[in-house]
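As a plain string of letters, each chain reads:
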Amino acid sequence: MSVRRLAPDAVQPASFAFDAANENWADQQIAKYPEGRQASAVIPLLWKAQEQHDGWLPRAAIEAVARKLGMAPMRVMEIATFYTMFNLQPVGEHFVQLCGTTPCALRGAEALKKVCQDVIGPQSTVSADGKLSWLEVECLGACCNAPMAQINFDYYEDLTPENFKALLEDLRHGRPVKTGSQIGRSGSEPVGGGETLKDPALYDGTVIGAGDWQKRVTEQRKAAAEAAAAKAAAEAEAKKAEATKTDATVAAATKPATETAAAGRPKPSEPGQPTGAASDTPAASGKVDAKSAAESAKSAGAPADKPVK
C-alpha cells in the first residue's frame with residue numbers, strides 16, 4: 001500500500017466549515033443513523049468536505065468532520081488516509097486518474113503516462129495554470145474499453161496518445177468534451193460495431209412482426225433440425241457398413257480347417273491303423289499273444305520258432 005500523508009503545512013488552510021447547503025446535507029446524512037451511531041456518516045461527510053474544498057481534503061476539514069460526529073480526530077484521520085478516494089494533496093480543476101492496471105497497460109497506458117508528464121507534469125503536482133493534475137491509480141472497472149482515465153466524475157475510454165492529448169488541451173481551455181469512448185464505440189460493444197441483434201424486428205417494439213421474423217426463425221430452426229437428422233442418419237449408415245465389413249473379416253479368419261489339412265496322418269479306415277488303445281500299446285496289459293509275438297519277431301529278423309518270453 002502506498003504511503004499517504006497530509007499536504008504540507010504551507011498549503012493547509014487555517015480553518016474549514018461546511019457552507020449552509022452542505023451543513024444541511026450533512027445533518028440529513030447523520031439523521032439516517034440511530035442515536036449513538038453518527039460515526040457511520042463519516043465517509044459521506046468527508047466526501048462532501050473534499051468536494052467543497054476544491055477536490056482535496058485538508059487537515060482542518062478532517063477535524064471539522066470529527067467534531068460534528070463526536071469522534072476523535074485520529075479516528076477520522078485513519079479513514080481519510082486509508083481510502084484513496086480522498087485526495088490529501090491539492091489537485092487541479094480537472095483531476096486525471098489514469099488507470100495503469102494490466103488491461104490498460106496492455107492497451108497502451110504507458111504511452112498515456114508520457115502524455116500526462118509532457119502536458120501536466122509529474123504526478124501529484126498541479127499544472128502552473130491550476131487546471132490539471134494527474135495520478136496513476138489501480139483498476140477503475142472499464143477494462144473492456146481500455147485504456148481509460150477518470151477525470152473528476154467522468155470516464156474517458158479508448159484513449160490513444162493523440163486523442164488523450166487533445167482531450168487534456170480541450171479541458172484546459174474550457175472547450176466541450178465527449179465523455180465515454182473517444183473512438184465512437186457504443187457501450188462496451190466490439191470495435192467497429194456489434195455483430196448481434198442487427199435486425200430491428202428482434203428488439204425494437206415499434207417494428208415487432210415486421211418482415212415476418214417469426215416465420216423466418218421457424219424456417220431456420222426446421223432447416224437446422226433436418227440437417228442434424230441427415231447427418232445422424234449418414235453417421236449411422238457408416239457405422240453399419242463398418243460393422244458388416246468387420247464381421248466378414250472375422251468370419252474369414254476363423255473358418256475351420258478341412259479334413260485334408262492333415263494329409264500325412266492316416267485315416268482310421270486305412271490298413272495297419274490301430275483301432276484301440278490296447279492295440280496301440282500291446283505291452284500295456286502285460287500279455288502278448290503268440291501270433292502277435294511271432295509277427296513281431298519276424299519283422300525284427302528273429303527266428304520264427306524261437307519262443308518269445
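All values reported here derive from a predicted model rather than from experimental measurement.

The next subject is the side chain of arginine 185. With respect to the element layout, arginine 185 can be found in the loop between β5 (180–181) and α8 (213–253). Side chain to side chain, arginine 185 and aspartate 158 meet in a polar contact 2.6 Å long. Within the structure, arginine 185 has its side chain in polar contact with the backbone oxygen of glutamate 189 (distance 3.1 Å). Filtering out sequence-adjacent residues up to four positions away, arginine 185 remains in contact with Arg107, Cys144, Asn145, Asp158, Pro190 and Val191.

Scanning all chains against the criterion turns up 13 salt bridges. With a shortest N-O distance of 3.5 Å, arginine 59 and aspartate 9 are connected by a salt bridge. In this pair, arginine 59 sits in helix α3 (residues 59–69) while aspartate 9 sits in the segment before α1 (20–30), placing the two residues 50 residues apart along the sequence. Owing to a relative accessible area of 58%, aspartate 9 belongs among the exposed residues under this scheme.

Taken as a whole and judged by the stated rule, the model has one cavity of 30 Å³ or more. Estimated volume of the largest cavity: approximately 40 Å³. Together, Cys99, Thr101, Pro103, Cys104, Cys139, Leu140, Gly141, Ala142, Cys143 and Met148 line the largest cavity. In terms of residue class, the lining of the largest cavity is made up of eight nonpolar, two polar and no charged.

Reading guide: rules and limits
Residues numbered from 1 in each chain as written. Predicted model: local features only at pLDDT ≥ 70, side-chain atom pairs only at ≥ 80, totals over all residues. Heavy atoms only, no water. Helix = DSSP H or I, 4+ residues; strand = E, 2+ residues; numbered from the N terminus. Polar contact = N/O pair within 3.5 Å; in protein donor to acceptor, adjacent residues only side chain to side chain. Contact = heavy atoms within 4.5 Å. Salt bridge = Lys/Arg side-chain N within 4 Å of Asp/Glu carboxyl O. Buried < 20%, exposed > 50% of the residue type's maximum accessible area, 1.4 Å probe, protein only. 1 Å grid on protein atoms, 1.4 Å probe; cavity = no way out; pocket = protein on both sides within 12 Å on 5 of 7 lines; lining within 4 Å. Points joined across faces, edges and corners; volume = space filled by probe spheres on them. Nonpolar A, V, L, I, M, F, W, Y, C, P; charged D, E, K, R; others polar.

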